[in-house]
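Working through the structure, step by step
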Amino acid sequence: MENEKLYPRFSDSEYRRRYREIRKHMKKRGLSALIFYGDSGMAGGNQANIKYVTNYKDPVSSFLFFPLKGSSNLFISNRLYLPYAKTASNIPGRTDAVDYEPGKKISQRIRQLGLEKSKIGLVGFRGILKVSMPYSVIDELRTNFKRASFDDATDILAEVRLVKSDEEMRWFRKGAALTDMAFYSLEQTS
């Protein structure tokens, strides 16, 4: 509960709803896993897809491994951010630093789940750029898993995030009310 005061997050049921919707789209496309990438560009906006799933926004860059079956793993940019990541994220026990080799961490997870010959989706920035992921990571994945296929799946998150739940709408309204209050205060002091 204390972590939720520091880093407000949606309810567990909201995250379960999001995961169900994402996995429904994954099944339709025959994807065994998704690999998300986000970085600090656009004032952190390039982390929107990862934050949508984990409640964590890395100051530099991060990866999320999201399997069709099993637990997700969040890989963050720098070990120094681990306390923050584990406090803010809704998957603290499965959060680790990439230690400058994100492709290796992701490859280990693919092997652990036996997905070496699977179809895996790559999720980039907010639906703006297709497969906006570092070349070194994609190259390592294609080198390590020659029998797997890697397809752009950024559109899955764009589609899922488009439909808002009642809980999300309550948060939007609360944010809008706070913005209104701020503008009202500015107007009163001018």
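See the structure printed just above.
Scoring rules and cut-offs
- Residues numbered from 1 in each chain as written.
- Predicted model: local features only at pLDDT ≥ 70, side-chain atom pairs only at ≥ 80, totals over all residues.
- Heavy atoms only, no water.
- Buried < 20%, exposed > 50% of the residue type's maximum accessible area, 1.4 Å probe, protein only.
- Helix = DSSP H or I, 4+ residues; strand = E, 2+ residues; numbered from the N terminus.
- Pairing = 2+ DSSP bridges.
- Core = buried A, V, L, I, M, F, W, Y, C linked by side-chain atoms within 4.5 Å.
- Salt bridge = Lys/Arg side-chain N within 4 Å of Asp/Glu carboxyl O.

Of all 7 residues that make up strand E2 (residues 61–67), 7 are buried, and the element is covered over most of its length. The side-chain alternation of E2 yields two buried faces, one formed by Ser-61, Phe-63, Phe-65 and Pro-67 and the other by Ser-62, Leu-64 and Phe-66. Of the pairings in the sheet, the one linking strand E1 (residues 33–39) to E2 comprises 7 bridges and is antiparallel in character. When the bridges of E2 are listed, Phe-36 appears paired with Leu-64. Here 4 bridges tie E2 to strand E3 (residues 73–76), and the two strands are oriented antiparallel to one another. Within E3, the residue paired with Phe-63 across the bridge is Phe-75.

We now examine the nonpolar core. As a rule of thumb, soluble globular proteins bury nonpolar side chains together. Core analysis: the biggest nonpolar cluster contains 26 residues, and Ile-22, Leu-34, Phe-36, Val-53, Leu-64, Phe-66 and Leu-157 have the highest contact counts within it. Secondary-structure elements contributing two or more residues to this core are helix H2 (12–29), E1, helix H3 (48–54), E2, E3, helix H4 (82–88) and helix H7 (154–162). If one sorts the elements of this core by residue count, H2 sits on top with 4 residues. In terms of nonpolar packing, the next biggest core, distinct from the first, is built from 20 residues, Ala-33, Ile-120, Ala-148 and Phe-150 among them.

The next thing to look at is the pattern of salt bridges. Applying the stated criterion across every chain yields a total of 10 salt bridges. We note a salt bridge from Lys-105 to Asp-96, for which the minimum N-O separation is 2.9 Å. Residue class for Lys-105 comes out buried when judged on its relative accessible area of 18%. One salt bridge connects Asp-151 with Lys-119, and the closest N-O pair in it is separated by 3.8 Å. Taken together, the residues Asp-151 in strand E6 (residues 149–152) and Lys-119 in strand E5 (residues 119–123) connect sequence positions 32 residues apart. With a relative accessible area of 29%, Asp-151 lands in the partly exposed category. When salt bridges with common partners are traced through the structure, they connect Glu-14, Arg-17, Arg-18 and Glu-168 into a single cluster.

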